[in-house]
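Results of the structural survey
As a plain string of letters, each chain reads:
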2 protein chains.
Amino acid sequence: MSGASGVSGVSGVHVTTLRRFNRYFTRRIGVLDDHYLGQDRPLGEARLLYEIGTGASLRELRTRLGLDAGYLSRMVRALEKQGLVRVTVHPADSRLRLAEPTPAGRAELAEQNRRADDLAEGLLRGLTETQRGQLTEAVAVTERLLRLAAITVRPVGAASPDARACLAGYAAELDERFPEGYAATDLVPPERIAALLVAYEEERAVGCGALCAPDAETAEIRHLWVHRDARGLGLGRRLLTGLERVAAERGHRVVRLDTHKVLKEAAAMYRSGGYTEIPAYDDNPHAGYWFEKPLTPAGTGPPGTH
Amino acid sequence: MSGASGVSGVSGVHVTTLRRFNRYFTRRIGVLDDHYLGQDRPLGEARLLYEIGTGASLRELRTRLGLDAGYLSRMVRALEKQGLVRVTVHPADSRLRLAEPTPAGRAELAEQNRRADDLAEGLLRGLTETQRGQLTEAVAVTERLLRLAAITVRPVGAASPDARACLAGYAAELDERFPEGYAATDLVPPERIAALLVAYEEERAVGCGALCAPDAETAEIRHLWVHRDARGLGLGRRLLTGLERVAAERGHRVVRLDTHKVLKEAAAMYRSGGYTEIPAYDDNPHAGYWFEKPLTPAGTGPPGTH
DNA sequence: CATAATCTTTGACTTTAGTCAAGGATTCGC
DNA sequence: GCGAATCCTTGACTAAAGTCAAAGATTATG
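Worth saying up front: this structure is predicted, and the values here are computed from it rather than measured.

As a further point, take the protein's contact with DNA strand D. In the neighbourhood of DNA strand D, 20 residues make up the surrounding shell, with Tyr71 and Ser94 of chain A together with Arg59, Ser73 and Arg74 of chain B lying closest. Each atom of DNA strand D within 4 Å of the protein was assigned to sugar, phosphate or base; sugar and phosphate come to 68%. Here a base oxygen of DNA strand D sits 3.3 Å away from a polar atom, N or O, in the side chain of Arg95 of chain B. Only helix H2 (43-52) and helix H4 (69-81) of chain A together with helix H3 (58-65) and helix H4 (69-81) of chain B provide two or more residues apiece to the surface near DNA strand D.

This is the structure we're talking about:
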């Protein structure tokens with residue numbers, strides 16, 4: 001029916017299988033879901049209540065649900081009239097409104113949840129325990145890969161808000177994990193960052209990696225970090241190879257990096273990514289391993305995803 | 001958040017994973033899909049055009065899409081006015097109307113298809129070839145298990161339309177596969193069928209199996225069949241065990257069956273299901289193997305899915 | 001501190017989606 | 001061949017979903 005293989009190099013089998021699944025899934029599960037969750041309530045309101053969850057600003061809801069401001073305003077008002085949510089002014093910015101569920105709203109959310117659980121249970125009840133395990137496994141793999149596929153890695157200014165947010169997240173996490181702690185002042189100052197890549201999952205920054213250029217020959221990778229929510233997807237590796245490509249494009253011939261003794265997974269990733277351990281090249285008090293890897297000149301190999 | 005494990009015996013991990021996936025998938029893919037496929041057209045019309053495909057009766061469309069008759073009638077009329085479909089009277093039954101796409105409609109369908117392909121390709125492009133393979137595999141397993149979970153097996157009168165349709169499908173297929181052919185008159189007449197199970201996938205009969213009772217001691221399984229579209233799901237086994245349970249409930253102590261030399265897969269399934277080959281117990285000209293299996297009395301073991 | 005930008009509300013719409021019931025045209029079942 | 005059932009159409013609605021623009025209240029910015 002549809003073309004066997006596009007110019008993109010994506011095989012037609014994959015496209016066909018994914019499309020068939022998509023059709024099947026949205027038709028069967030999506031429909032059920034909408035029908036049961038909404039129950040006596042218009043779907044829009046049910047979804048809105050769900051997204052409000054334990055509380056959210058209208059602005060957030062507007063972008064998350066992609067709704068018109070006027071439409072949202074009215075729906076929130078409707079939920080408020082039904083006694084399901086309470087709307088307050090944001091304490092710091094009084095242009096913003098915050099919506100949070102009342103006890104009645106929470107009860108309704110719990111009921112929504114119960115029904116969704118029932119739905120899932122009903123589905124699984126038709127399978128043997130072995131099959132349930134297989135389904136869970138397959139579903140987890142699917143989700144992981146779909147998420148990974150949706151993440152884009154882009155170069156970003158080192159002083160941009162997304163970059164700062166990621167670096168702050170990085171520092172905060174290291175401060176937790178390092179016995180000696182980690183201060184924001186331990187970060188490389190923006191002006192010494194030669195390039196910075198940020199990974200975006202649906203416009204949300206979920207990881208970063210910086211490149212410094214101590215000299216023309218050598219590049220140094222620093223602050224490679226992936227947000228907790230996006231771990232286990234293979235994103236660290238993607239950021240790493242992305243940084244290597246940038247370094248190669250800029251004419252560097254070798255890339256080096258260090259990592260803390262505590263971060264065993266990181267060290268393992270570097271080793272399996274072609275890095276070899278070398279003697280200390282600086283006196284970074286947080287470093288426990290130093291690695292380097294020769295770069296193949298830019299232009300070799302296929303163009304990567306950007 | 002949600003209960004760890006319901007009374008149903010379905011573990012909470014499975015429920016949670018499935019729900020999370022459902023949420024993620026419908027939000028991310030479903031939304032995209034609707035948005036792209038519809039384009040300038042209301043979703044309802046786009047979906048209708050899609051379901052019309054190369055042609056379909058309004059009655060079929062109505063049940064497939066679950067629409068109100070009046071609503072459907074008007075939407076079809078709208079598509080007709082836009083020059084996308086043509087409606088004709090069914091040649092055999094002039095109550096029925098057939099809708100088929102005009103060249104313009106076909107062009108629009110092709111465009112829909114192209115966009116859906118693009119969407120899937122765009123998704124897959126973010127993955128390595130290995131990952132694409134993993135995704136395709138995981139997605140296939142998921143679909144297979146979700147389908148299987150949705151199939152119900154019910155006892156049905158041997159003369160009911162569903163039963164007749166299945167038996168006709170069975171006969172037609174055997175006629176194709178047996179070198180000596182198979183006539184509808186080779187089927188067991190309805191009055192000699194003691195019980196008949198039909199498997200339903202969303203109200204469509206996709207498999208059957210009959211039970212005869214030559215004597216109080218012995219039950220005989222016949223006409224076990226699964227529709228092509230529903231093969232590879234493990235449905236044959238489910239019908240088989242269902243029939244065995246019915247036989248046990250009726251007090252039979254042994255169940256027997258035969259199968260054609262050509263149907264190697266069937267023989268393999270019987271063997272792995274606890275059947276042992278025995279000498280011919282009748283002179284069925286189509287039989288090549290004869291099997292039997294002792295039954296454990298009813299009431300033993302957990303109650304099964306009905 | 002004026003001006004621009006942001007966030008929300010409100011009024012006035014339109015479009016989509018869907019329901020219900022009456023009735024005409026056929027076909028089925030006895 | 002007659003009544004029941006089936007399939008479709010039409011009229012008359014309702015509710016949900018969504019759009020657009022104007023305007024009020026704040027907050028950011030040069």
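Having seen the structure, we can now continue with the description.
With that out of the way, let us pick up the sheet that holds strand S5 (residues 195-201) of chain A. All names here are of chain A. Taken together, the seven strands give an open sheet; going across it, the order is S4-S5-S6-S7-S8-S10-S9, and neighbouring strands pair in mixed fashion. Edge positions in the sheet fall to strand S4 (151-155) and strand S9 (276-278), since each has one partner strand and no second. Looking at each pair of strands side by side, their axes are set apart by 30° on average, direction ignored. Pairing analysis gives five bridges linking strand S6 (residues 204-212) to strand S7 (residues 218-226), with the strands arranged antiparallel. By the bridge assignment, Cys208 is partnered in S7 with Trp225.

Further remarks concern the domain arrangement of chain A. Residues and elements named next belong to chain A. Taken domain by domain, chain A consists of domain 1 (12-149) and domain 2 (151-294). In this structure, domain 1 and domain 2 have C-alpha centres spaced 35 Å apart. With four residues of domain 1 in contact, the opposing surface of domain 2 contributes nine residues. Contact between domain 1 and domain 2 buries roughly 580 Å² in total, counting both sides, with carbon and sulfur atoms accounting for 41%. Contact with domain 2 buries area across many residues of domain 1, yet Arg144, Arg147 and Leu148 alone supply 93% of it, more than any other trio.

A few words on the pattern of salt bridges. Residues and elements named next belong to chain A. Following the criterion strictly, the structure yields 46 salt bridges over all chains and no others. The salt bridge partner of Glu108 is Arg41, with a shortest N-O separation of 2.7 Å. A residue pair is termed long-range when its members are at least 10 positions apart, and Glu108 in helix H5 (residues 103-125) and Arg41 in the loop between helix H1 (12-38) and H2 qualify at 67 residues. Overall, the relative accessible area of 24% leaves Glu108 in the partly exposed class. Beyond isolated ion pairs, a larger network of salt bridges with shared partners links Glu111, Arg114, Arg115 and Asp118.

All right, on to the protein's contact with DNA strand C then. As a matter of local geometry, DNA strand C sits amid 20 residues, with Arg59, Ser73 and Arg74 of chain A together with Tyr71 and Ser94 of chain B nearest to it. The sugar-phosphate backbone supplies 67% of the atoms of DNA strand C found within 4 Å of the protein. In the environment of DNA strand C, a phosphate oxygen lies 3.3 Å from a nitrogen or oxygen atom belonging to the side chain of Arg77 of chain A. Contact distances for DNA strand C include 3.3 Å between a sugar or linking oxygen and a side-chain N or O atom of Arg95 of chain B. Going through the elements one at a time, helix H3 (58-65) and H4 of chain A together with helix H2 (43-52) and H4 of chain B are the ones with two or more residues in the surface near DNA strand C.

Okay, the packing of H2 of chain A against H3 of chain A next. All names here are of chain A. Their axes nearest at 11 Å, the elements H2 and H3 cross at an angle of 120°. Judged on the interaxial angle alone, H3 and H2 are oblique. As H2 packs across H3, the resulting crossing turns out to be right-handed. Mapping the contact onto sequence places Leu48, Glu51 and Ile52 in H2 and Leu61, Arg64 and Leu65 in H3. In terms of residue class, the contact of H2 with H3 is made up of four nonpolar, no polar and two charged.

Note: strands within a sheet are paired through backbone hydrogen bonds, in either parallel or antiparallel orientation. All names here are of chain A. Read from one edge of the open sheet, three strands run S1-S3-S2, paired in antiparallel fashion. Where the open sheet ends on each side, the last strands, each with one partner, are strand S1 (56-57) and strand S2 (85-89). Examined bridge by bridge, S2 and strand S3 (residues 97-101) share five bridges and lie antiparallel to one another. Pairing of Val87 across the sheet is with Ala99, part of S3. Contacting S1, S2 and S3, H2 runs over the sheet at an angle of about 95° to S3.

Glancing now at the interface of chain B and chain A. Taken residue by residue, the interface counts 58 residues in chain B and 58 residues in chain A. Inspection of the region where chain B meets chain A yields four salt bridges. At the boundary of chain B and chain A, one finds 13 residue pairs in polar contact (both at pLDDT 80 or more). For the side of chain B that touches chain A, the elements supplying multiple residues, two or more each, are helix H1 (12-38), helix H5 (103-125) and helix H6 (129-150) of chain B. Here the element with the most residues in the side of chain B that touches chain A is H6 of chain B; it accounts for 19 residues. Considered class by class, the residues forming the side of chain B that touches chain A number 23 nonpolar, 18 polar and 17 charged.

Rules and cut-offs
Residues numbered from 1 in each chain as written. Chains lettered and ligands numbered in written order. Predicted model: local features only at pLDDT ≥ 70, side-chain atom pairs only at ≥ 80, totals over all residues. Heavy atoms only, no water. Near = heavy atom within 4 Å. Polar contact = N/O pair within 3.5 Å; in protein donor to acceptor, adjacent residues only side chain to side chain. Helix = DSSP H or I, 4+ residues; strand = E, 2+ residues; numbered from the N terminus. Pairing = 2+ DSSP bridges. Axes fitted to C-alpha atoms, helices over the stretch in contact; angles between N-to-C directions. Domains from an automatic or database assignment. Contact = heavy atoms within 4.5 Å. Buried area = accessible area lost by both parts, 1.4 Å probe. Salt bridge = Lys/Arg side-chain N within 4 Å of Asp/Glu carboxyl O. Buried < 20%, exposed > 50% of the residue type's maximum accessible area, 1.4 Å probe, protein only. Parallel < 35°, antiparallel > 145°, perpendicular 65-115°, else oblique. Left-handed = near helix turned anticlockwise from the far one by under 90°. Nonpolar A, V, L, I, M, F, W, Y, C, P; charged D, E, K, R; others polar.

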